[in-house]
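# Examination of the molecular architecture
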Amino acid sequence: MYTVHVPRDLATHATLPGITLGDIGSKLAFNMVDNGFCVFDHVHVPASQLCLATARVRWQRSQDDSGGPVNLVAAPAASSKWKYMPMMKTRVFLIAKCARLSAATSLLPHVGLSFAATFAGRDLLELYETVQLHRTKQDRQPLDLGGDQTDRLAALLHATSSGLKALVAARVVDGIECCARQCPPNAEFLTQLRRDIVGASTYEGTFDVLVQQHASFLAKTRPQEGHAQMIVPLEKDWTSMATLVRWFHFRAHSMLMSFDTANVSMVRATRLSVVHSEATLLQALHAFLTQKRHQCTITDVTATSLTAVGKALAYRWMVDSLHEFRVNGWLSSADGDEIVELLTSPTSQQCQEWMAVTASWDFMPDEVPSMNRGLRGKL
């Protein structure tokens, strides 16, 4: 299936002969999304009208066994993941876009999610551009032996963006609803966010489909049993972002190694994808802070604020799934109680500092409400 550009008459904007366009009418769900139909009647669509972007169509000659005429048919791509490149691009930009909208209205853990998703989106964009460069080089040098590496990077991008898109889109909707319960009912920015996101948060694919794709990739690429031992972390300084990230990676790795590919269930595959996406998001935030501190390109107030919201996000996720961290006695009841106690309400001064950092972090003015519009002291 390919997308084509359907031109109109440049003078009158009317449809060309043989082309019929129309609206499909009312729908049972997502009625705010405008969907239509396009019918071709003896119309030839030239190859120049294909919206291929990074995709490719190669043709090969085929002849049936009866000795009939030779036909040109679309040849299968060398890697099945290349056909997903337009969707992967959508996910990469959607993750960062959802993060920007999340920060405008969410409570403290969701503010942490917005920054974590922003930095994870930057990492995905770098990976996307790397894949693009590899693909361009491969087009110029078809016999280059680096094609396998390019395919592996494309598969990694496809799987990672699937898992992050599913998780971030769902959590952003949760953040908007959570904030709506805390803020005045006449908040204009909440009305806009609800209209733009909550009613149509699935741009391509559903949560169930995306997490299954992510989990399948993780299961296929997991290391061998003898080469994948990961020692249980000994550090339990829950005020350290590095310690939290290490524990999230350990949980994800342990769940992957115990994942039964012969008896796959929807619930376990979903959790496998979610825990890896959570670890990826926290790692992106921690890596950004570490890099900026090393380069001395971030102020102490900003670093402290980002660390605080990042830890709040990690605490919230740990408390929600504390049983997964207590498998095989990894954490004790006392450890769990200590983590729960860290979920404290911030002071008014901390709220103002965090909102100031959020408002100054490359957000549009209408994406971040002012301090007197309902969020004061409620992070």
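As a reminder, the structure under discussion sits directly above these lines.
What comes next concerns the included structure. (Residues numbered from 1 in each chain as written. Predicted model: local features only at pLDDT ≥ 70, side-chain atom pairs only at ≥ 80, totals over all residues. Heavy atoms only, no water.)

### What about the packing of aromatic side chains?
Taken as a whole, this structure holds seven aromatic pairs when the rule is applied. Judged by centre distance (3.9 Å) and plane angle (10°), the rings of Phe119 and Phe288 are stacked. Note that Phe119 is positioned in helix H2 (residues 108-140) and Phe288 in helix H7 (residues 266-295), a separation of 169 residues in sequence. In this structure Phe288 comes out as buried when scored by relative accessible area, which is 10%. Between Trp247 and Phe250, the ring centres sit 6.0 Å apart and the planes meet at 85°, which makes this aromatic pair edge-to-face. Taken together, the residues span about one helical turn, with Trp247 and Phe250 both in helix H6 (residues 241-257) at a distance of three residues. The burial state of Trp247 is the same as that of Phe250; both residues are buried. Members of the aromatic cluster, joined through ring pairs, are Trp238, Trp247, Phe250 and Trp330. (Phe/Tyr/Trp six-rings, centres within 6.5 Å; stacked < 30°, edge-to-face > 60°. Helix = DSSP H or I, 4+ residues; strand = E, 2+ residues; numbered from the N terminus. Buried < 20%, exposed > 50% of the residue type's maximum accessible area, 1.4 Å probe, protein only.)

### Section: the packing of H7 against helix H8 (residues 300-320)
The interhelical angle for the contact between H7 and H8, taken along N-to-C directions, is 160°, at an axis separation of 11 Å. Judged by the angle between their axes, H7 and H8 are roughly antiparallel. Handedness of the H7/H8 crossing: left-handed. Taking contact as the criterion, the partners of Glu278, Leu281, Leu282, Leu285, Phe288, Leu289 and Arg293 in H7 are, on H8, Ala303, Thr304, Leu306, Thr307, Gly310, Leu313, Ala314 and Trp317. Residues belonging to the contact of H7 with H8 are distributed by class as follows: 10 nonpolar, three polar and two charged. (Axes fitted to C-alpha atoms, helices over the stretch in contact; angles between N-to-C directions. Parallel < 35°, antiparallel > 145°, perpendicular 65-115°, else oblique. Left-handed = near helix turned anticlockwise from the far one by under 90°. Contact = heavy atoms within 4.5 Å. Nonpolar A, V, L, I, M, F, W, Y, C, P; charged D, E, K, R; others polar.)

### Quick word on unusual backbone geometry
The phi dihedral of His13 is positive, around 65°, even though this residue is not glycine. Tracing the backbone through its elements, the reader meets His13 in the segment before strand E1 (19-23). Backbone geometry places His42, a non-glycine residue, at a positive phi of 55°. Looking at the secondary structure, you find His42 in the loop between strand E2 (36-40) and strand E3 (58-62). Taking the relative accessible area as the measure of exposure, His42 reaches 82% and is therefore exposed.

### Observations concerning the environment of Ala180
Of note, Ala180 is situated in helix H3 (residues 147-182). Placed 10 residues apart in sequence, Ala180 and Leu190 show a C-alpha to C-alpha distance of 6.9 Å. Discounting residues that sit within four places of it in the chain, Ala180 has contacts with Leu190 and Arg194.

Nothing here speaks to function; it is all geometry.
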